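Spelled out from the first residue to the last, the chains are:
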Amino acid sequence: MASEFSRTLSLLRQERGVSQRTAAGDLGISQALLSHYENGIREPGLAFVVRACDYYHVSADFILGRTLSREGNMLSEQEVLSAADEGNILQGSVLATLQSKLLSGAIGVLFGLLGKLGDKTAINAAAAYVGSAVYQLYRHLYRGAGANEAYFALDPAACTMGAADADMKVSELHYARALRLCQGQKKPFPDLSPEALTAAYPGRCQSLTQVLSTADARLCAVADKQEK
């Protein structure tokens, strides 16, 4: 719960587009203390949680990581299982189904936004990146199950040597370049404010927030290890 709170608190501030100093001043605490809260070094009292909820216009359940809904609606068991096909609850694994729901929701928002941007190169590059990631993960599962890898055209050695990783990196570069070209052409980008995302993608934008928050914390930990 504490780690979910710290990640969500940091992400909400970034979504609002304010610095730690500004947010700390608005919340009536020092920047150092807010940094401790956002990094999970210290836990706040109830009074601060209430102020933060009012400041970011979210529920306490959301900021504490108990729900993906900013309004405080808890995910029901039925909502969790609805991510699976009818009659299929992923071997009864609620965790796997929840992760599926989160990722499918987040990817849905991403491609919805790219659709609004309307750049074919960016959309295709994003699809290639995600497709290669799914291919790589499924191929590892396929190999672990002892299945016949002749099913795939790509040689197992090439897969092990990182062909999918290389393709993902190239796709990412094409994606970033396409977005830069859109900026240079002054194409109108979609509104990415929390209010606009909530209105455009009710329900699914919470999945995006959760995926971004979790990945951000994981990548920060990787970066910290690399610096040491």
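Residues numbered from 1 in each chain as written. Predicted model: local features only at pLDDT ≥ 70, side-chain atom pairs only at ≥ 80, totals over all residues. Heavy atoms only, no water.

### A word on the overall build of the protein
Which entries qualify depends on this criterion: Each helix corresponds to a stretch of at least 4 residues labelled H or I by DSSP, and each strand to a stretch of at least 2 residues labelled E; elements are numbered beginning at the N terminus. By definition, residues are in contact when any of their heavy atoms lie within 4.5 Å.
Helix and strand counts for the protein come out as twelve helices and zero strands. Along the protein, helices and strands appear, N-terminal first, in the series α-α-α-α-α-α-α-α-α-α-α-α. Partitioning the intrachain contacts of the protein with sequence separation of at least 6 by distance along the chain shows that 55% fall at a separation of at least 24.

### Concerning the packing of helix H2 (residues 20-27) against helix H4 (residues 46-56)
Defined as follows: Only the stretch in contact is used when a helix axis is fitted, and all axes are lines through C-alpha atoms; the angle between N-to-C directions ranges over 0 to 180 degrees. Note on convention: the crossing is left-handed when the near helix lies turned anticlockwise from the far helix by less than a right angle, right-handed when the turn is clockwise. Gly falls in the polar group here, along with every residue not listed as nonpolar (Ala, Val, Leu, Ile, Met, Phe, Trp, Tyr, Cys, Pro) or charged (Asp, Glu, Lys, Arg).
The N-to-C vectors of H2 and H4 enclose an angle of 115°; their axes lie 10 Å apart at closest approach. Crossing angle aside, the handedness with which H2 passes H4 is right-handed. For the pair H2 and H4, contact is made by Thr22, Ala23, Asp26 and Leu27 and by Phe48, Arg51, Ala52, Tyr55 and Tyr56, respectively. Tallied by class, the residues present in the contact of H2 with H4 amount to six nonpolar, one polar and two charged.

### With respect to the packing of aromatic side chains
Condition: Between rings of Phe, Tyr and Trp, where Trp is taken as its six-membered ring, a pair exists when centres lie within 6.5 Å; planes separated by under 30 degrees are stacked, by over 60 edge-to-face, and by other angles tilted. Only protein chains enter the accessibility calculation, which uses a 1.4 Å probe; a residue is then buried when its area is under 20% of its type maximum, exposed when over 50%, and partly exposed in between. Each ring is checked for a lysine NZ or an arginine CZ that lies within 6 Å of its centre and within 35 degrees of its normal; such an atom marks a charge sitting over the ring.
A complete count under the given rule lists seven aromatic pairs for this structure. Ring geometry for Tyr135 and Phe152: centres 5.5 Å apart, planes at 80°, overall edge-to-face. On the criterion of sequence distance, the pair formed by Tyr135 in helix H8 (residues 120-144) and Phe152 in the loop between H8 and helix H9 (156-160) is long-range, its members being 17 residues apart. We classify Tyr135 as partly exposed; its relative accessible area is 28%. With a relative accessible area of 13%, Phe152 lands in the buried category. Put simply, the rings of Tyr135, Tyr138, Tyr142, Tyr151 and Phe152 touch in pairs and so form one group of aromatic residues. The ring of Tyr55 carries the charged tip of Arg16 above its face, separated from the ring centre by 3.8 Å.

### Let's talk about H4
It helps to recall that an α-helix has 3.6 residues per turn; residues three or four apart then point in one direction. Stated precisely, the cut-off is as follows: Taken from the helix axis, the directions to the C-beta atoms give the arc we talk about.
Looking only at H4, the buried set comprises Phe48, Val49, Ala52, Cys53, Tyr55 and Tyr56. Here the buried residues of H4 occupy an arc of 165° about the axis, which is enough to place them on one side. Those residues of H4 that are exposed and aimed more than 90 degrees away from the buried face are Leu46, Ala47 and Asp54. One or two residues past the end of H4 sits His57, with phi positive at roughly 60°.

### Observations concerning the environment of Ile63
Tracing the chain through its elements places Ile63 in helix H5 (residues 60-63). Given the relative accessible area of 0%, Ile63 is considered buried. As a C-alpha pair, Ile63 and Phe5 span 58 residues in sequence and 5.6 Å in three-dimensional space.

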